[in-house]
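Fold and contact review
Residues per chain, in single letters:
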Amino acid sequence: MLANSTRGFLWSDVETRTLLNIWGERDIQTALGGNFRNSHVYRDVARRLGIMGFERTPEQCRVRIKSLKRQFILAKEGNLRNNGQYHKICKFYDAMETILSCRPQIDPQELLDSGAVGDETEEEVDTDPPQDPYLESTGESSYPETQVKLEYPPIPVTVGNILERSFSLGTAARRGMDDILPLVKNIVPQLTSKKHKGQDGRIGIIGGCQEYTGAPYFAAISALKVGADVSHVFCAKAAATVIKSYSPELIVHPVLDSPNAVEEIEKWLPRLHCLVVGPGLGRDEMLLKTAKEVIEKSKARDIPIVIDADGLWLVAQQPSVIQGYKKGILTPNYMEFTQLYEAMHHEPLDSSDHQRSAMELSVAMGNLTVVLKGEDDLITDGKKVILCRQEGSGCRCGGQGDLLSGSLGVLAHWAYTSSADMTKSVNPSVVAAFGACSLTRQCNRQAFHKHWRATTTTDMIQEISSAFKKLFES
Ligand SMILES: NC(=O)C1=CN([C@@H]2O[C@H](COP(=O)(O)OP(=O)(O)OC[C@H]3O[C@@H](n4cnc5c(N)ncnc54)[C@H](OP(=O)(O)O)[C@@H]3O)[C@@H](O)[C@H]2O)[C@@H](O)CC1
Ligand SMILES: Nc1ncnc2c1ncn2[C@@H]1O[C@H](COP(=O)(O)OP(=O)(O)OP(=O)(O)O)[C@@H](O)[C@H]1O
C-alpha cells in the first residue's frame, strides 16, 4: 500500500489549489462519481498536475484529497461556518464546497469512519490515522495577512502544454474570439419596457482624490455608456466637485476621506451590483484603509469586485484582502502585474512567459480572474488562458484602463446574473473580462481612426456605443 508515501512532503497552498482545480474539473468529478475503483482517475489527476509543474504520485494526490475532504466535513459538521472559524479547520473550504456541491450528497460518516470503503476509492481510510503532511507541518491557519513564500518546483513545462489544458497557444486568440464572444453576447440584457431603473446595473467606483479626478470619471461614465443605469463615485472631498462638473450623469459622494467613510459607503452597498476599486484612488494610507474595509464589506455581500490601478497596489501590500474571493477580478497593466507577482512569489518575474506567470498569479490569489493588459490582453482564472487580440491602435493615451475597469464592472454584473446556460459554464468573470477588453480595444481603434495621434480617452468613450453594438449586438 502506497498511502504512506506522502509522509514528509509538504503541499504548498498553490499546489493544493492547483490540485483542487484539477480534481474539480467536470470529467474528473464524473469519473469519481461512480462507485468503482478509481486509481486510473488519480493517475490522470497526477498527470495533469505534472503538466502544471507539480510532480506527485497518484497516491499522493488521492491522500491529499482525502485529507481535504475530512477537513471540509469536520468544518461543515462542526457547524463552524457560522462563527467564521471554518477556514481554520479547512483552509480550502470555499473551493471544496464549490466542487462538492455539484456532486451527489456525501455521507460525512463515510469520510470520518475508518476503513469504510473499498481499496481504491478516494474516501478510503488508511489503517493509520489521517496523516496530512500539510496539516501536521504547517497547521491550518487562516490566510496570512502578509505574503507567504510560494514555491513552484522547476517547471519542465512548455507554454504549449499549459495552454493545451486550456487553449493551445497557436489558436488561443482565435479560440478566445470564437468561443467567448458569443457568450458575451449572451449576457447582454435585453432592452425591454418591463424593467425599472437600476435593474441593468448600479455600479460603484471607489476612487478619486485631489490629484486624480479623471480616472474615476472615466470608469464611471464608461459603466453608464456600456449600459448600467446608475453609476456612483465614492471619492475624496477635494475631487468631488471636479468630478461632478465633468458630468451630471454621475452620483458623486465626497466621503472617501471622511472619518466615517466606511459607514457612509456601506449604506449604499445593498444597492450596488458591482464595485470597481482603484481608479484615481491614490496611495494615501487612510484612503487605502477605507478601500480595504469597503472591499471586505462588499465580499460579504457577494458582489463582483474589480480591482484596478491603486487598488492593485493595496492588493500587493495585503493580498488577503481579495485572495480566494471568486468574484474578484484584477486588471493590472504590466507594471502592476510585476508588483503583484513579486509580492506573492518573493522572486523576480520571469518576463519570458506571461501566460504562465499570469496563471501562477491567479492560482496564488485563489483563482481570481487576472486580466494582464498589454499588446495582447491575457485573461486567466488559473485554469484557462484566453487572449484578447481585438485590434486596437498604437495610441496609448492614459485612462484606457479606466474605461476597461468601468465597463468590466457592468459586464461582471451581467455575467453573474446570467444563467450558467448563457455562459456555457465558463467562469463569468472570464466572460466579462473578455468583453471589456474587446470593447476597450475596439473603442481605441475607432477613436484612432478619427483622431489619429490626438486620440484621448474621452474620444474612446464616445465610441463605446457603436463599438458595443458592432461587437456584441450584430
Ligand atoms: N486622467 C486621470 O486622472 C488618470 C489617472 N490615472 C490614475 O493615476 C494613478 C496612477 O496610475 P499610473 O498610470 O500613473 O500608474 P502606473 O500604471 O503604475 O504607471 C506608473 C509608471 O509605470 C510605468 N508603466 C505603466 N504602464 C506600463 C507598462 N504597461 N509597461 C511598462 N511600464 C509601464 C510608466 O513609467 P515610465 O517607465 O514610462 O517612466 C508609468 O508612468 C492611478 O490612480 C490611476 O487610476 C490613470 O488612470 C490615467 C488617467
Ligand atoms: N501595446 C498595446 N497594444 C494594444 N492595446 C494595448 C496595448 N497596451 C495596452 N493596450 C490596451 O489598452 C487598454 C488599457 O491598458 P493599459 O495598459 O493602458 O492600462 P493602464 O495602464 O491601467 O491604463 P490607465 O492609463 O487607465 O491607468 C487595455 O484594453 C489594453 O488592451
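Being a predicted model, the structure only gives us computed values, none of them experimental.

Per the UniProt record, "binding site: (6S)-NADPHX" (unreviewed entry) is found at G280, N333, Y334, M335, E336, F337, T338, Q339 and D402. When its relative accessible area of 34% is taken as the criterion, Y334 is described as partly exposed. For Y334, the residues in contact, after removing those within four places along its chain, are L349, S351, H354, L372 and K373. Locating E336 in the fold gives a position in helix α16 (residues 334-345). Here E336 falls in the buried class, since its relative accessible area comes to 15%. For E336, the residues in contact, after removing those within four places along its chain, are D308, A309, L312 and T331.

A positive phi angle, close to 65°, is found at D302, a residue other than glycine. Structurally, D302 can be placed in the loop between α14 (285-300) and β5 (305-307). Not every positive phi belongs to a glycine, and W452 is a case in point at roughly 50°. Its place among the elements puts W452 in the loop between α19 (428-451) and α20 (457-462).

What follows concerns the site of ligand 1. Close to ligand 1 lie 16 residues, the nearest being A215, G280, D310, N333 and D402. D310 has a polar side-chain atom sitting 2.4 Å from an oxygen atom of ligand 1. Between N333 and ligand 1, the recorded distance is 2.8 Å, taken from a side-chain N or O atom to an oxygen atom. When ligand 1 sits alone it has 900 Å² of accessible area, and the protein chains cover 50% of it. Of all the elements in the fold, those that place two or more residues in the shell around ligand 1 are α11 (214-226) and α16.

On to the packing of helix α1 (residues 13-23) against helix α4 (residues 58-77), then. Taken N-terminus to C-terminus, the directions of α1 and α4 make an angle of 90°; their axes are 11 Å apart at the nearest point. For the element pair α1 / α4, the angle class is roughly perpendicular. Here T16, L19, L20 and W23 of α1 lie close against α4, whose contacting residues are C61, R64, I65, L68 and K69. Broken down by class, the residue content of the contact of α1 with α4 amounts to 6 nonpolar, 1 polar and 2 charged.

What follows is about the sheet that holds strand β7 (residues 369-372). Here we have 9 strands laid out as an open sheet, ordered β3-β2-β1-β4-β5-β6-β7-β8-β9, and mixed in their pairing. Among the strands making up the open sheet, the edge pair consists of β3 (251-253) and β9 (385-388). Geometrically, the sheet is characterised by an average inter-axis angle of 20° between neighbouring strands, direction not taken into account. Two strands pair when backbone bridges link them, and strand β1 (residues 202-206) and strand β2 (residues 230-234) are joined in this way by 5 bridges, in the parallel orientation. Following the sheet pairing, R202 is matched in β2 by V230. Where α11 meets the sheet, its contacts fall on β1 and β2, and the angle it forms with β2 comes to roughly 165°. Sitting on the sheet, α19 touches β6 (328-330), β7, β8 (377-380) and β9, and the angle it makes with β9 is about 15°.

This next bit is on a negative patch on the surface. A contiguous patch of negative charge, built from E211, D257, D284 and E285, is present on the exposed surface. Inspection of the secondary structure assignment puts E285 in helix α14. Residue classification places E285 among the exposed residues on the basis of a relative accessible area of 69%.

As enumerated under the stated definition, the model contains 7 aromatic pairs in all. Here the aromatic rings of F72 and Y93 are separated by 5.0 Å at their centres, their planes lie at 45°, and the arrangement is tilted. Of this pair, F72 sits in helix α4 while Y93 is found in helix α6 (residues 93-100), placing the two residues 21 residues apart along the sequence. Each member of the pair, F72 together with Y93, is buried. For the ring pair Y217 and Y246, a centre distance of 5.1 Å and an interplane angle of 65° mean the geometry is edge-to-face. Of this pair, Y217 sits in helix α11 while Y246 sits in helix α12 (residues 237-246); the two residues are 29 residues apart in sequence, bridging distant segments of the chain. Of the residues examined, Y217 reaches a relative accessible area of 16% and is grouped as buried. Taking the relative accessible area as the measure of exposure, Y246 reaches 37% and is therefore partly exposed. Members of the aromatic cluster, each reached through a chain of ring pairs, are Y217, F218 and Y246. Against the face of W11 rests R56, its NZ or CZ located 4.1 Å from the ring centre.

Cut-offs applied
Residues numbered from 1 in each chain as written. Chains lettered and ligands numbered in written order. Predicted model: local features only at pLDDT ≥ 70, side-chain atom pairs only at ≥ 80, totals over all residues. Heavy atoms only, no water. UniProt positions renumbered as here; feature names shortened; annotations may be inferred. Buried < 20%, exposed > 50% of the residue type's maximum accessible area, 1.4 Å probe, protein only. Contact = heavy atoms within 4.5 Å. Helix = DSSP H or I, 4+ residues; strand = E, 2+ residues; numbered from the N terminus. Near = heavy atom within 4 Å. Polar contact = N/O pair within 3.5 Å; in protein donor to acceptor, adjacent residues only side chain to side chain. Areas by Shrake-Rupley, 256 points an atom, 1.4 Å probe, with all protein chains shown as cover. Axes fitted to C-alpha atoms, helices over the stretch in contact; angles between N-to-C directions. Parallel < 35°, antiparallel > 145°, perpendicular 65-115°, else oblique. Nonpolar A, V, L, I, M, F, W, Y, C, P; charged D, E, K, R; others polar. Pairing = 2+ DSSP bridges. Patch = residues over 30% accessible without salt bridge, like charges linked within 9 Å, V, L, I, M, F, W, Y side chains within 5 Å. Salt bridge = Lys/Arg side-chain N within 4 Å of Asp/Glu carboxyl O. Lys, Arg positive; Asp, Glu negative; His and termini not counted. Charge placed at Lys NZ, Arg CZ, Asp CG, Glu CD. Phe/Tyr/Trp six-rings, centres within 6.5 Å; stacked < 30°, edge-to-face > 60°. Lys NZ or Arg CZ within 6 Å of the ring centre and 35° of its normal.

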